[in-house]
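# Remarks on the overall topology
Listed below, chain by chain, are the residues.
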Amino acid sequence: MSGFDDAGIFYSDSFGGEQQADDGSIKKTHIKKRFREFLRQYRVGTDRTGFTFKYRDLLKRRCTLGEFWMEVEMEELSSFDEDLADCLYKQPSEHLPLLEEAAREVADEVTKPRPAGEEAIQDIQVMLRSEGNPANMRSLKSDQMSRLVQIPGMVVSAAAVRSKAVRVSLQCRGCRGVIANIAVRPGLEGYALPRKCNTEQAGRAKCPVDPYFLIPDKCSCVDFQTLKLQESPESVPHGEMPRHVQLYCDRYLCDRVVPGNRVTIMGIYSIKKSGNPSRSKGRDRVGVGIRSSYIRVVGIQVDTEGVGRSVVGAVSPQEEEEIRRLAATPNVFESIAKSIAPSIYGSVDVKKAIACLLFGGSRKRLPDGLTRRGDVNLLMLGDPGTAKSQLLKFVERCAPIAVYTSGKGSSAAGLTASVMRDPVTRNFVMEGGAMVLADGGVVCIDEFDKMREDDRVAIHEAMEQQTISIAKAGITTTLNSRCSVLAAANSVFGRWDDTKGEENIDFMPTILSRFDMIFIIKDEHDEHKDMTLAKHVMNVHLSALTTNQSSEGEIELSMMKKYISYARAKCGPRLSADAAEKLKNRYILMRSGAREHERASDKRSSIPITVRQLEAIIRISESLAKMKLRPFVADGDVDEALRLFQVSTLDAARSGSLSGVEGFSTPQDQEMISRVEKQLKRRFAIGSQVSEHSIVQDFIKQKYPEHAIYKVLHLMMRRGEIQHRMQRKVLYRIK
């Protein structure tokens, strides 16, 4: 009989203070009883196939693991008892505590007998979820107040986790009387301290006004966190700004989401006092009845579809079977490459390279603590109108985690990390940039050539070491940025100019060697190709709305997303011995081939063939094995990786288009260049400005060849001795 009294003692205080009407408390007890029956008796399955008590087993499993929370489906509750679900929808703040008490009682029953020292069971937090259609953030009006609402959106900021008292104890300054165990309402409403002390004792002065203060040691607290939810970009009407709403999460709901997650929130639409009354002088200027709204969250679901930071949830066994069946087909690589941006015609090799980038190689941690990156980086250089940005946009939609940014609109701090002052606490806080947000995914950088040089240097570390180190404003730390970089750039003259050779490219060899594959996409004129391309574009425009079905051999986007995240999580292939031997021989050949090429043309290539390039080929072949979900890299994968590397980087290095500006063909040429440079420096004092056109004309009159003059100017610019001013018309000498 010992357990008989506990419940009674536990509830004696719940209606303390003002005595409620009896029928109200009777109704509450009845509702709690019904909730208890629901948790005990709700079962899934039929008598024939055998059924399980869903919530009983769930509670038992969770309590054994030491997690005191559970999720209740609203649809299951309404199928058990329509009125209960209706009560919960209409007056959630009254009935949710009853459901939690019921859950605690059921958990108490199912976990007996408990080990010694763990007799008391903790409070259970009940979260709700519903499959119903979510409402829009703009439709939340005053008639929804203190009801259960469900809204979708995107979390834009999350505060740190703080503590909030649920039961407080007060003490009076005058008579030292203690009022213990006062319940504080959940949510962002505070607790107003009583103005005067009630204990009247004879022969003592009356206690002053506002005598009470909190005893911090005797309060029981829970964690809470405030989030900011912004409505999803698709539902914002044209020409309007997206709206925000504040969210309040407590206990196990804290730290469930990170900024950038797409979520659907189930919560109670509540109000709190708005405005800061201390600022206004004299009486409260803020209207007495005016309150600002927030949502007290009772359930969070993270969305997996759509753009942005959407971590694909657990793959069901049927999907896993389908994925394995897909991986076992012989031409899985071709079909994946075909499914990447199917509306774009041609550029097959680029699509294959993008497929390798999406799957990525395997990251290796060496015994001495160093890591080798497993992500493939890819650069597309080319003419305008070759669908580079479209490919980038597609990758943003297709990759499990992706961030899209443009070169001109992003600074070094925006790409890596910035340190700023928190407006509330006035402390310095650190905000991760695009490369930190895309940790475990892809960063797409468009207009890579339009970035400022010092901003481009900021990505060097992120691309090879995959960390971002910061030492600013007293914050010294290292952030992870394990992401692939997919960059698109134009050549210097807008279009590729074959006569200019290496001057088409404005990048340093330091950043070029960090890209595993570099594609030069030229827009060449070819009547047959132009005809098929035009037909393809016409088809896309004519049947844009009508064709929903995918053509032969393509994989659907949702399936592709699941496939990519499954392969990245579950598969980490390694090189086999034969493949390694083959690679070694080919690498030596490649080095000697590059040496031959340099000897033949007497120029140093600005895409060096270094160990980095060897690692690039290893990564590409690993990603090809990963597509087939194989544990080891086969010979075929190495061949395909070498072919991809051949058509991308080696061709770019050999085309003379990227050959560097360090060496020149003949000693006479070298002498000519140095003569021009001396002459130029003599004529052109430090700190002066001269028009480029007039300099070139002067030298041509003195019978110097034109290409040598431009070469010297280019060299001096690379060394930072002169720079362009006024739309590249005027030269200014710095040193």
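Before any of the text, the structure's been laid out above.
Computed from a predicted model, the values in this text were never measured in an experiment.

With that settled, the discussion passes to the overall build of the protein. Regarding its fold elements, the protein presents 22 helices and 28 strands. In the protein, which comprises 735 residues, the proportion classed as buried is 41%. In the protein, the proportion of contacts linking residues at least 24 apart, taken out of those at least 6 apart, comes to 72%. Roughly 39,700 Å² of accessible area belongs to the protein as shown, and the carbon and sulfur atoms make up 53% of that amount.

Let us now look at the packing of aromatic side chains. Counted according to the given criterion, the structure contains nine aromatic pairs. Here the aromatic rings of Phe38 and Phe80 are separated by 5.3 Å at their centres, their planes lie at 55°, and the arrangement is tilted. Highlighted residues: Phe38 in helix α2 (residues 22–41) and Phe80 in helix α4 (residues 74–80), separated in sequence by 42 residues. Since its relative accessible area comes to 0%, Phe38 is described here as buried. With a centroid separation of 5.6 Å and 55° between ring planes, the pair formed by Phe699 and Tyr704 is classed as tilted.

Take the pairing of strand β22 (residues 484–489) next. For a regular strand, side-chain orientation follows a simple rule: the groups alternate between the two sheet faces. Summarising burial for β22: six of the six residues are buried, a large majority. Because side chains alternate across β22, one face comprises the buried residues Ser484, Leu486 and Ala488, and the other comprises Val485, Ala487 and Ala489, equally buried. Bridge analysis of strand β15 (residues 378–382) against β22 gives four bridges, and the strand direction is parallel. Note on β22: the bridge partner recorded for Leu378 is Leu486. Two strands pair when backbone bridges link them, and strand β19 (residues 442–446) and β22 are joined in this way by four bridges, in the parallel orientation. Each residue of the ladder has a partner; that of Val442, found in β22, is Ser484.

Pairing is parallel across the open sheet formed by five strands, whose spatial order is β16-β19-β22-β15-β23. Of all the strands in the sheet, the pair left with one neighbour each is β16 (402–406) and β23 (517–521). Taking the axes of each pair of neighbouring strands and ignoring which way they run, one obtains an average angle of 15° across the sheet.

Let's shift gears to the side chain of Asp446. Counting through the fold element by element, Asp446 comes out in strand β19. It is Lys388 that comes nearest to the buried, bridge-free Asp446 among opposite-charge side chains, at 6.8 Å. Residue contacts for Asp446: discarding those within four places in its chain leaves Ser389, Leu392, Tyr404, Thr405, Ser406, Gly407 and Ala488.

If you look at the biggest cluster of nonpolar residues, it comprises 60 residues, and the most contacted ones within it are Ile336, Ile340, Leu358, Leu486 and Tyr563. Examining the composition of this core, we find that eight residues originate from one element, helix α9 (residues 348–359), more than from any other. Once residues within four sequence positions are removed from consideration, Ile336 is found in contact with Ala355, Phe359, Ile555, Met560, Tyr563 and Met627. Ranked by size, the runner-up nonpolar core spans 33 residues in total, among them Leu39, Met70, Leu99 and Ile124.

To continue, consider the sheet that holds strand β28 (residues 730–733). Here three strands make up an open sheet; going across it, the order is β26-β28-β27 and the pairing antiparallel. The sheet terminates laterally at β26 (689–691) and β27 (722–725), the two strands that pair on one side only. Pairwise comparison of adjacent strand axes, ignoring direction, gives a mean angle of 30° for this sheet. Note that β27 and β28 share four bridges and pair antiparallel. Within the sheet, the bridge partner assigned to Gln723 lies in β28 and is Tyr732. In the packing of helix α21 (residues 692–701) onto the sheet, the strands contacted are β26, β27 and β28, and the crossing angle to β26 comes to about 70°. Relative to the sheet, helix α22 (residues 706–718) contacts β27 and β28, its axis offset from that of β27 by approximately 100°.

On the surface, Asp523, Glu524, Asp526, Glu527 and Asp530 cluster together to form a negatively charged patch. Considering the arrangement of structural elements, one finds Glu527 in helix α15 (residues 527–542). Take Glu527: its relative accessible area is 69%, and that puts it in the exposed class.

Let's shift gears to the packing of helix α5 (residues 82–90) against helix α6 (residues 92–110). Contact geometry of α5 with α6 gives a least axis separation of 6 Å together with a crossing angle of 125°. Accordingly, the angle class assigned to the pair α5 and α6 is oblique. Two secondary-structure elements touch here, α5 through Cys87, Leu88, Tyr89 and Lys90 and α6 through Pro92, His95, Leu96 and Leu99. Grouping the constituent residues of the contact of α5 with α6 by class yields six nonpolar, one polar and one charged.

What follows concerns the pattern of salt bridges. A full pass over the atoms with the stated rule returns 34 salt bridges. Ionic pairing is found between Lys628 and Asp637, a salt bridge with its closest N-O pair at 3.0 Å. Where Glu677 meets Lys681, a salt bridge forms, and the shortest distance between an N and an O atom there is 3.3 Å. With Glu677 and Lys681 both in helix α20 (residues 667–683), this residue pair falls four residues apart, about one helical turn. Residue Glu677 is classed as buried on the basis of its relative accessible area of 15%. In this structure Lys681 comes out as partly exposed when scored by relative accessible area, which is 31%.

Among the secondary structure elements, Asp383 is positioned in the loop between β15 and α10 (388–398). Under the relative-accessibility criterion, Asp383 is labelled buried at 3%. The contact partners of Asp383, leaving out residues within four places of it in the chain, are Lys388, Asn490, Gly494, Arg495, Trp496, Ile521, Lys522 and Asp523.

For the rest of this paragraph, the subject is the packing of helix α7 (residues 317–328) against helix α16 (residues 557–570). Running from N to C, α7 and α16 point in directions that differ by 85°, and their axes come no closer than 11 Å. By the angle between their axes, α7 is roughly perpendicular relative to α16. Counting all contacts with α7, which are made through Glu319, Glu320, Glu322, Ile323, Arg324, Leu326 and Ala327, the residues of α16 involved are Met559, Lys562, Tyr563 and Tyr566. When its residues are assigned to classes, the contact of α7 with α16 shows six nonpolar, no polar and five charged.

This brings us to α22. Between the first and last C-alpha of α22 there are 19 Å, a value that for 13 residues agrees with the 18 Å anticipated at 1.5 Å per step. Among the residues trailing α22, Gly720 stands out with phi positive, at a value near 75°.

Cut-offs used in this document
- Residues numbered from 1 in each chain as written.
- Predicted model: local features only at pLDDT ≥ 70, side-chain atom pairs only at ≥ 80, totals over all residues.
- Heavy atoms only, no water.
- Helix = DSSP H or I, 4+ residues; strand = E, 2+ residues; numbered from the N terminus.
- Buried < 20%, exposed > 50% of the residue type's maximum accessible area, 1.4 Å probe, protein only.
- Contact = heavy atoms within 4.5 Å.
- Areas by Shrake-Rupley, 256 points an atom, 1.4 Å probe, with all protein chains shown as cover.
- Phe/Tyr/Trp six-rings, centres within 6.5 Å; stacked < 30°, edge-to-face > 60°.
- Pairing = 2+ DSSP bridges.
- Axes fitted to C-alpha atoms, helices over the stretch in contact; angles between N-to-C directions.
- Lys, Arg positive; Asp, Glu negative; His and termini not counted.
- Salt bridge = Lys/Arg side-chain N within 4 Å of Asp/Glu carboxyl O.
- Core = buried A, V, L, I, M, F, W, Y, C linked by side-chain atoms within 4.5 Å.
- Patch = residues over 30% accessible without salt bridge, like charges linked within 9 Å, V, L, I, M, F, W, Y side chains within 5 Å.
- Charge placed at Lys NZ, Arg CZ, Asp CG, Glu CD.
- Parallel < 35°, antiparallel > 145°, perpendicular 65-115°, else oblique.
- Nonpolar A, V, L, I, M, F, W, Y, C, P; charged D, E, K, R; others polar.
- Expected span 1.5 Å × (residues − 1).

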